[in-house]
Amino acid sequence: MTGDRASIPPTERLRSLFAMGQIDINKHVPIRRYYRSCQEILRMAGVYYEEKNYENSYVLYAKFIILSLEKLKTHPAYSKVPPSEKAANKKGLKIAFEVAEHLKKLLKQKYEQEHKKYLQEKERQLLLAQEEEEKRRKEEERLMQEKEEELRMLEAQQIDAFIKQQKRKELEEERLAIEAQFAKTSINDSGPLLPVDFAPPPVLPEPQQLKVEPYTPAPAPVPTFDRNLKPVTLGGQVPNETAKTSSGSKTQNDMSSTAFAASLTQTKNKYGLRTILCPSNLPLDFMKYAKANTARNVETCGVLFGKLANEVFVITHVLLPHQKGAPDSCDTTREEDMWDFQDEYDGICLGWIHTHPSQTAFLSSVDLHTHYPYQCLMSESVAIVCSGKFNEIGYFMLTPHHGMNVIGKCSKPGFHPHNTNPALFETCDHVQTTTSQTAQIIDWRNK
């Protein structure tokens, strides 16, 4: 929990979480898709609750409540929803209210504790700042006092130097006065003027001459060496360069492995979406089921279902529902059976997959409109396109800001042109393939 978030009062943080549950209704998305999305929201909210990810759980329950109470009623087809689905949604609404209220209490306690810690930390930082300010002030005073003391000492030195200079000047003047006085004194009969008590120094005997012998240095001793001895390193062992190189290589390999493992867990995607793990063999396995249609130049489609754990989706099932295929399109039928399957496996819809028998892997205008409801109800939804003819597999999504906006406002049916600059779709980087997971393919086309 960052300090910025903890600085917000608990009630405001709860309001902001509830506001994150807002979702707009698009009249071009079938209302039954919204009802199915409500059931998926409840499933994901339950997963987050079990993982103790209470914030995400509360946001999803809030989204379910807002959809059920306010938004669904604004859809043009609301009156055509079967009473059974409305009743099921009402039952889920009761559960959502109870759990959301419980989560609200838990989060409020959590936020109050974090806010309290934040205020305590803020007070501690304030005290530290005051202490630092007091230290700085005292240090400035000390430096000022030292500077004043230096100035006083300098002033004292200057005064002392001035006094000494004055004394030297006075002495010099006194000397000059004495010399001038003696210069006037007569020295005709008495010779040079000397003090009364002056006497010449005594005559000292000549020092005896010492005989100094010349110095001859003694010869230096010749060192002897035992050539049977060999130098050793500290610790008494000869360094093993081979072992050293091997150890260094092993350490480097271990570091590379660690860095590689860390890169997998630290991977970020462009839009901050949750990761979808897709079994790497899923597209090829799906194309085996579509082989007969591909030979007849007919598209085949399937719906992706999976689970959520620790903020990661895993594709676990691919359902081939009842459908009508054509060379460039594929429409599902009897969607209520597909929803029953979803309820049976308690899965989350993660997008769809389809083939392009005679074209490359891309999203046509019809594909864009087909994918829009998936991504509208869950941002992570992926459209997988398999092109056997050109040996291509694409993992696509509508661009969140431009593509979703353009397709959401477009009501034209069938194939029709769109302005593709900027792009309406792109390859999604939140989908990662894995060899450690497999997906079960269920074929209902002939059921």
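What counts and what doesn't
- Residue indices begin from 1 for each chain and proceed along its sequence in written order.
- Note on the predicted model: pLDDT of at least 70 is required for a residue's local features to be given, and 80 or more for side-chain atom pairs to be given and counted; whole-chain, interface and lining totals, by contrast, use all residues.
- As a rule here, side-chain values cover all heavy atoms of the structure and leave hydrogens and water aside.
- Helix and strand definitions here come from DSSP, where helices need a minimum of 4 consecutive H or I residues and strands a minimum of 2 consecutive E residues; each element is numbered from the N-terminal end.
- Categorising residues by exposure relies on relative accessible area from a 1.4 Å probe, with only protein chains included: less than 20% of the type maximum marks a residue as buried, more than 50% marks it as exposed, and the intermediate range marks it as partly exposed.
- We call two residues in contact whenever any of their non-hydrogen atoms come within 4.5 Å of each other.
- All accessibility values rest on the Shrake-Rupley procedure with a 1.4 Å probe; residue burial counts only the protein chains present in the view.
- Aromatic contacts are taken between Phe, Tyr and Trp rings whose centres are within 6.5 Å, Trp giving its six-membered ring; a plane angle under 30 degrees counts as stacked, one over 60 as edge-to-face, and the others as tilted.
- Whether a charge sits over a ring comes down to the Lys NZ or Arg CZ being within 6 Å of the ring centre and within 35 degrees of the ring normal.
- A pairing counts as a salt bridge when a side-chain nitrogen of Lys or Arg comes within 4 Å of a carboxyl oxygen of Asp or Glu.
- Only protein atoms enter the 1 Å grid, on which a cavity is a set of points fitting a 1.4 Å probe that cannot get out and a pocket is an open set with protein on both sides within 12 Å along at least 5 of 7 lines, lining residues being those with an atom within 4 Å of a point.
- Grid points are joined across faces, edges and corners, and a volume is the space filled by probe spheres set on the points.
- Under this grouping Gly is polar, as are all residues other than the nonpolar Ala, Val, Leu, Ile, Met, Phe, Trp, Tyr, Cys and Pro and the charged Asp, Glu, Lys and Arg.

1. Description of the overall build of the protein
Next up, step 1: A tally of regular secondary structure across the protein gives eleven helices and eleven strands.
Next up, step 2: Out of the 447 residues belonging to the protein, those deemed buried represent 33%.
Next up, step 3: Intrachain contacts of the protein at a sequence separation of at least 6 include 77% that bridge at least 24 residues.
Next up, step 4: When the accessible surface of the protein is summed, it comes to about 30200 Å², and 56% of that surface belongs to carbon and sulfur atoms.

2. Here we look at the packing of aromatic side chains
Next up, step 1: In total, this model carries seven aromatic pairs according to the counting rule given.
Next up, step 2: Centroid distance W352 to Y374: 6.4 Å. Interplanar angle 5°. Geometry classified as stacked. Of this pair, W352 sits in strand β6 (residues 348–355) while Y374 sits in helix α10 (residues 365–377); the two residues are 22 residues apart in sequence, bridging distant segments of the chain.
Next up, step 3: For Y374, a relative accessible area of 11% translates into the label buried.
Next up, step 4: One aromatic cluster is present, formed by F305, F341, Y345 and W444 through successive ring pairs.
Next up, step 5: The aromatic ring of Y111 is capped on one face by R13, whose charged end is 3.7 Å from the ring centroid.
Next up, step 6: We note R33 situated over the ring of Y374; from NZ or CZ to the ring centre the distance is 4.9 Å.

3. Details of the pattern of salt bridges
Next up, step 1: Counted by the stated rule, this structure contains 25 salt bridges.
Next up, step 2: Between E55 and R5 there is a salt bridge; the shortest N-O distance is 3.0 Å. Linking E55 in helix α4 (residues 54–71) with R5 in helix α1 (residues 3–6), this pair joins segments that are 50 residues apart in sequence.
Next up, step 3: When the shortest N-O distance is used, the salt bridge between R142 and E146 registers 2.4 Å. On the criterion of helical spacing, the pair formed by R142 and E146 is a turn pair, its members being four residues apart in helix α5 (residues 83–183).
Next up, step 4: Judged by its relative accessible area of 35%, R142 falls in the partly exposed class.
Next up, step 5: Members of the salt-bridge network, linked through shared partners, are R5, R13, E55 and E114.

4. Observations concerning empty space enclosed by the protein
By rolling a water-sized probe across the atoms, one finds the places where empty space is left.
Next up, step 1: Evaluation of the coordinates by the stated rule reveals two cavities of 30 Å³ or more.
Next up, step 2: Space inside the largest cavity adds up to approximately 110 Å³.
Next up, step 3: Around the largest cavity, the lining residues are R33, R36, S37, E40, W339, C349, P373, Y374, L377, M378 and S381.
Next up, step 4: Put simply, the parts of the chain that give the lining of the largest cavity at least two residues each are α3 (31–50) and α10.
Next up, step 5: Considering every element that reaches the lining of the largest cavity, the biggest residue donor is α3, with four residues.
Next up, step 6: Residues that form the lining of the largest cavity fall into these classes: six nonpolar, two polar and three charged.
Next up, step 7: Quantified by volume, the second largest cavity comes out at close to 40 Å³.
Next up, step 8: What lines the second largest cavity is simply E299, D328, S329, C330, D331, W352, V366, D367 and T370.
Next up, step 9: Residue assignment for the lining of the second largest cavity shows that the elements contributing at least two residues are β5 (329–332) and α10.
Next up, step 10: Taken together, the residues of the lining of the second largest cavity break down into three nonpolar, two polar and four charged.

5. Observations concerning the layout of surface pockets
Next up, step 1: Taken as a whole, the largest pocket encloses approximately 1100 Å³ of empty space.
Next up, step 2: The wall of the largest pocket is formed by 36 residues, among which K63, Q375, C376, M378 and S379 lie closest to the centre.
Next up, step 3: Only α3, α4, α10 and α11 (402–409) provide two or more residues apiece to the lining of the largest pocket.
Next up, step 4: Residues belonging to the lining of the largest pocket are distributed by class as follows: 17 nonpolar, twelve polar and seven charged.
Next up, step 5: The wall of the second largest pocket is formed by 27 residues, among which R33, V366, H369, T370 and P373 lie closest to the centre.
Next up, step 6: Among the elements of the structure, β2 (301–309), β5, α10 and α11 are those that each provide at least two residues to the lining of the second largest pocket.
Next up, step 7: Among the elements that line the lining of the second largest pocket, the one with the most residues is α10, at seven residues.
Next up, step 8: For the lining of the second largest pocket, a count of residues per class yields twelve nonpolar, eleven polar and four charged.

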